[in-house]
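Summary of structural features
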Amino acid sequence: MTTPTVEPTADVLPIDPFVAAFAQEEEDAVATKQLVIVNWSGELDRIWPTLILASTAAASGVQCKVFVTFWGLLPFVKDGVRLTGENWMQKMLSFMQRPGIDHLKLSKMNFVGMGPWMIGKLRKQYKIASPRELLEACEALGVEFIPCQMSMDMFGIKREDLIDGMGEPAGAATAIELMTEANASLFI
Amino acid sequence: MAVTDIATTVDAKGLSCPMPIVRTAQAAKTVASGALIEVLATDPGSTKDFAAWCRSTGNELLEQSIDGPVYRFVIRRK
């Protein structure tokens, strides 16, 4: 009886590059945590934490998506756009609450702009990043902003009114799917 | 540690939360894996924040020191 000769094996088994790539992909998928923020408010004192958390999440390797709805849409209107909407009510709303990232009001102690002016002064004094700077950081780090289609319709805000970094508009079902699949979700 | 080992320095002095972290994350993308990043910051919250950031990103916090008002961190890129 002869024993079959065994070929001497190399110390290190060759790794199939396809398998290696797949394993790496799987590892990355497991490692990536997700944060979803529903950005409902267009007020300075809420947009700020939204953008701080979103930029920090993205900087920490957490995939961050922000669902932008209701008043929350207004800060994401482009710089040059002053009035939004088609009918007089929509135009009136955007007249009363000026859209854009530089024209945010406080939820309390607004005092016809006195509050935001003082906050702006303090912000500069303490070298705190402005909502605009934070929004730019979010875009650079790949935070995904998803505008709410229903809110856009109600305010008469068109896609071209919103900043270029906005994603494809979506609805509540998308928001629910994002929130239930994320590791953490916030409504701000 | 020799200064020449540092691949890039992030000067975040004077900046408030979250910009030191944001700038460091952006700088980390420009260096190779294993490279050292030096961060200079004056935000007192940064001592806790850089430790947390390193834990959540898998980067390694090698050194942490204080020189007057300036906090210095040396981080090894994952």
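Structure: see above.
Quick summary incoming for the structure in this document. (Residues numbered from 1 in each chain as written. Chains lettered and ligands numbered in written order. Predicted model: local features only at pLDDT ≥ 70, side-chain atom pairs only at ≥ 80, totals over all residues.)

**Section: the overall build of chain A**
Scanning chain A from N- to C-terminus turns up seven helices and four strands. The order of α-helices and β-strands along chain A, N terminus first, is α-β-α-β-α-α-α-β-α-α-β. Residue pairs at least 24 apart in sequence account for 73% of intrachain contacts in chain A once pairs closer than 6 positions are excluded. (Helix = DSSP H or I, 4+ residues; strand = E, 2+ residues; numbered from the N terminus. Contact = placed C-beta atoms within 7 Å.)

**Some points on the packing of helix α2 (residues 44-59) of chain A against helix α1 (residues 19-28) of chain B**
Packing of α2 of chain A against α1 of chain B brings their axes to within 9 Å, and their N-to-C directions diverge by 35°. Of the two possible hands of crossing, α2 of chain A and α1 of chain B adopt the one that is left-handed. The segment α2 of chain A lies against α1 of chain B, with Ser55, Thr56 and Ala59 of chain A engaging Ile21, Val22 and Ala25 of chain B. When grouped by side-chain class, the residues that make up the contact of α2 of chain A with α1 of chain B number four nonpolar, two polar and no charged. (Axes fitted to C-alpha atoms, helices over the stretch in contact; angles between N-to-C directions. Left-handed = near helix turned anticlockwise from the far one by under 90°. Nonpolar A, V, L, I, M, F, W, Y, C, P; charged D, E, K, R; others polar.)

**Some details on helix α2 (residues 46-57) of chain B**
All names here are of chain B. Here α2 is 12 residues long and its end C-alpha atoms lie 16 Å apart, about the 16 Å a rise of 1.5 Å per residue gives. All of the buried residues in α2 are Ser46, Asp49, Phe50, Trp53 and Thr57. One side of α2 carries all its buried residues, which in axial view fall inside an arc of 95°. For α2, the exposed residues set more than 90 degrees away from the buried face come down to Lys48 and Arg55. Its buried side turned inward, α2 meets α1, β2 (36-41), β3 (60-67) and β4 (70-76). Positive phi shows up at glycine 58, right after α2, with a value of about 85°. (Expected span 1.5 Å × (residues − 1). Buried ≥ 20, exposed ≤ 12 C-beta atoms within 10 Å, placed from the backbone. Arc of directions from axis to C-beta.)

**Re the pairing of strand β1 (residues 34-39) of chain A**
All names here are of chain A. Of all six residues in β1, five are buried; the element is thus mostly enclosed. One ladder, built from six bridges, connects β1 with strand β2 (residues 63-68); its direction is parallel. Bridged to valine 36 within β2 is lysine 65. A crossover connection joins β1 to the parallel β2 through α2; in handedness this β-α-β unit is right-handed. Where β1 meets strand β4 (residues 184-187), four bridges bridge the pair, whose relative direction is parallel. Within β4, the position partnered with leucine 35 by the bridge is alanine 184. (Pairing = 2+ DSSP bridges. Right-handed = clockwise from strand over helix to strand, strands pointing away.)

**Overview of the sheet that holds β2 of chain B**
Residues and elements named next belong to chain B. Spatially, the four strands line up as an open sheet ordered β1-β2-β4-β3, and their pairing is mixed. Here the strands that pair on one side only, and so sit at the sheet edges, are β1 (6-12) and β3. This sheet shows a mean twist of 15° between the axes of neighbouring strands, independent of strand direction. As defined by bridge partners, β2 adjoins β4 across six bridges and the pair is classed as antiparallel. Bridge pairing in β4 places leucine 36 opposite arginine 76. Here α1 sits on the sheet and contacts β1 and β2; the angle it forms with β1, its principal contact strand, is near 155°. Contacts from α2 reach β2, β3 and β4, with the element oriented near 170° to β3.

**What to know about the interface of chain B and chain A**
How big an interface is tends to be stated in terms of the accessible area lost upon association of its parts. In this assembly, 12 residues from chain B lie in contact with 13 residues from chain A. Counting residues per element, the ones that place at least two in the side of chain B that touches chain A are α1 and α2 of chain B. Grouping the amino acids of the side of chain B that touches chain A by side-chain chemistry returns seven nonpolar, five polar and no charged.

Shape is all these values report; function is a separate question.
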